[in-house]
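# Survey of secondary and tertiary structure
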Amino acid sequence: MDDADTTPCVTRPLPLARCFEQYEALLLEGALGERLKREYALTPDPHVALAAFARTEAGRRALCELWQGYWQTAARHGLPFLATTPTRRANRERTRQAGEDAGLLRDCMALLAGLKARWGRTPAYAGGLMGCKGDAYTGEGALDEEGARRFHAWQADILADAGADFLYAGIMPTLPEALGMARALAATGLPYIISFTLLARGTLVDGTPLHTAIRHIDSRTERPPLCYMTNCVHPDIVRKALLQPVNRTELVRQRFQGIQANAAALAYAAMDNATSLLTSAPDDLARGMLDLRELTAMKIFGGCCGTDGRHLEAIARGLTARGLATPDSGMGA
């Protein structure tokens, strides 16, 4: 990690909700897991996956190097930056299976928050990442609404107490668990985002149309999400989902506002079981993501499987070209 490229924050941080209102685009981090395995030869824990890297010097250094590189891209282009803890699989059950406790989540949050404290120039936010209890791609093992609220509250409360700026529920495959998760996140008082496992047919894995899922969660939570989005999916698939008649609504246009994209236009099963890196040209991926603004008020752009710094740079460059970012020519690479 190169501290020479960081500048201490000297102004009061802009709350994420206000940042979301004031900026036309925000940059979310790119892939972590694939890069940690392929570029750093680090092996995820069988229970808590990437969260275990916060316990080793090599893991901490690798995470900080990746976050730092992504932040530098955001800063060069004057884009607010969102980064999240490597805790999607570190729920209460899996944390116990790994012989860990709440301290693991706190360490992950402290690592990211400590790095964020050195970032300046543009707003940056450290989020607490969470995920479903079962399989995010098939929905197997999904919880019902109340079971999800109880199950996920433990992790949400710890991340919030540890200093998260926001909470982010990634690749949620079923409506009942997504709703229970939303209730648990809302109870913390932090802004939060619900990101769905979205299929080309326009539904979550459990068959719920995107429009229905958004309407249901918005109407059943006292504090609705900051927005909804999708992750671990290619923009071509998202475009097909948004073009489904059931999703051609003003609600979807206004509330579905982000994508953390895979670099290959393949089904979840193919990506999840891939033994080699599946990627595509950065400019092509960026163009596909930015073109989604034709269909919704898309505002959050990040990378998932198959992406790296080149893809984040292409996204940021595309946002700049469309007048959605303010380049900072004084920011070093």
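Residues numbered from 1 in each chain as written. Predicted model: local features only at pLDDT ≥ 70, side-chain atom pairs only at ≥ 80, totals over all residues. Heavy atoms only, no water.

## A closer look at the packing of aromatic side chains
Any two aromatic rings considered together are summarised by their centre-to-centre distance and by the angle between their planes. Counted by the stated rule, this structure contains three aromatic pairs. A ring pair is formed by Trp71 and Trp119, whose centres lie 5.5 Å apart and whose planes are at 5°; its orientation type is stacked. Of this pair, Trp71 sits in helix α3 (residues 57-76) while Trp119 sits in the loop between α5 (102-116) and β3 (124-131), placing them 48 residues apart in sequence. A relative accessible area of 1% means that Trp71 is categorised as buried. You can call Trp119 buried: its relative accessible area is 1%. Here Phe196 and Tyr228 contribute two aromatic rings whose centre-to-centre distance is 5.8 Å and whose plane-to-plane angle is 10°, an arrangement assigned as stacked. (Phe/Tyr/Trp six-rings, centres within 6.5 Å; stacked < 30°, edge-to-face > 60°. Helix = DSSP H or I, 4+ residues; strand = E, 2+ residues; numbered from the N terminus. Buried < 20%, exposed > 50% of the residue type's maximum accessible area, 1.4 Å probe, protein only.)

## Quick notes on the nonpolar core
In this structure, Ile194, Phe196 and Phe256 are the most contacted members of the largest nonpolar core, which totals 93 residues. It is α3 that provides the largest number of residues to this core, a total of nine residues. The residues touching Phe256, leaving out its near neighbours within four places in the chain, are Leu198, Leu210, Ile214, Tyr228, Met229, Thr230, Val238, Leu242, Leu251, Thr296, Ala297 and Met298. If you look at the next biggest cluster of nonpolar residues, it comprises 15 residues, including Leu26, Tyr125, Cys227 and Ile300. (Core = buried A, V, L, I, M, F, W, Y, C linked by side-chain atoms within 4.5 Å. Contact = heavy atoms within 4.5 Å.)

## Here we look at the state of the cysteines
What the rule picks out here adds up to zero disulfides. Looking at Cys19, it has no disulfide partner, and the nearest cysteine sulfur is the one in Cys227, 12 Å off. Take Cys64: it sits in no disulfide, and the sulfur closest to it among the cysteines is that of Cys108, at 11 Å. (Disulfide = S-S within 2.5 Å.)

## Observations concerning the pattern of salt bridges
Evaluated as defined, the whole model comprises 19 salt bridges. The network of salt bridges with shared partners includes Glu145, Glu146, Arg149, Arg150, Arg183 and Arg220. (Salt bridge = Lys/Arg side-chain N within 4 Å of Asp/Glu carboxyl O.)

## Considering the packing of helix α12 (residues 282-290) against helix α13 (residues 309-321)
Between α12 and α13, whose axes approach to 8 Å, the crossing angle comes to 50°. In terms of axis orientation, α12 runs oblique to α13. In this structure, the crossing between α12 and α13 has a hand that is right-handed. Every residue of α13 that contacts α12 at Pro282, Asp283, Leu285, Ala286, Met289 and Leu290 is listed here: Arg310, His311, Ala314, Ile315, Arg317, Gly318 and Leu319. Grouping the amino acids of the contact of α12 with α13 by side-chain chemistry returns eight nonpolar, two polar and three charged. (Axes fitted to C-alpha atoms, helices over the stretch in contact; angles between N-to-C directions. Parallel < 35°, antiparallel > 145°, perpendicular 65-115°, else oblique. Left-handed = near helix turned anticlockwise from the far one by under 90°. Nonpolar A, V, L, I, M, F, W, Y, C, P; charged D, E, K, R; others polar.)

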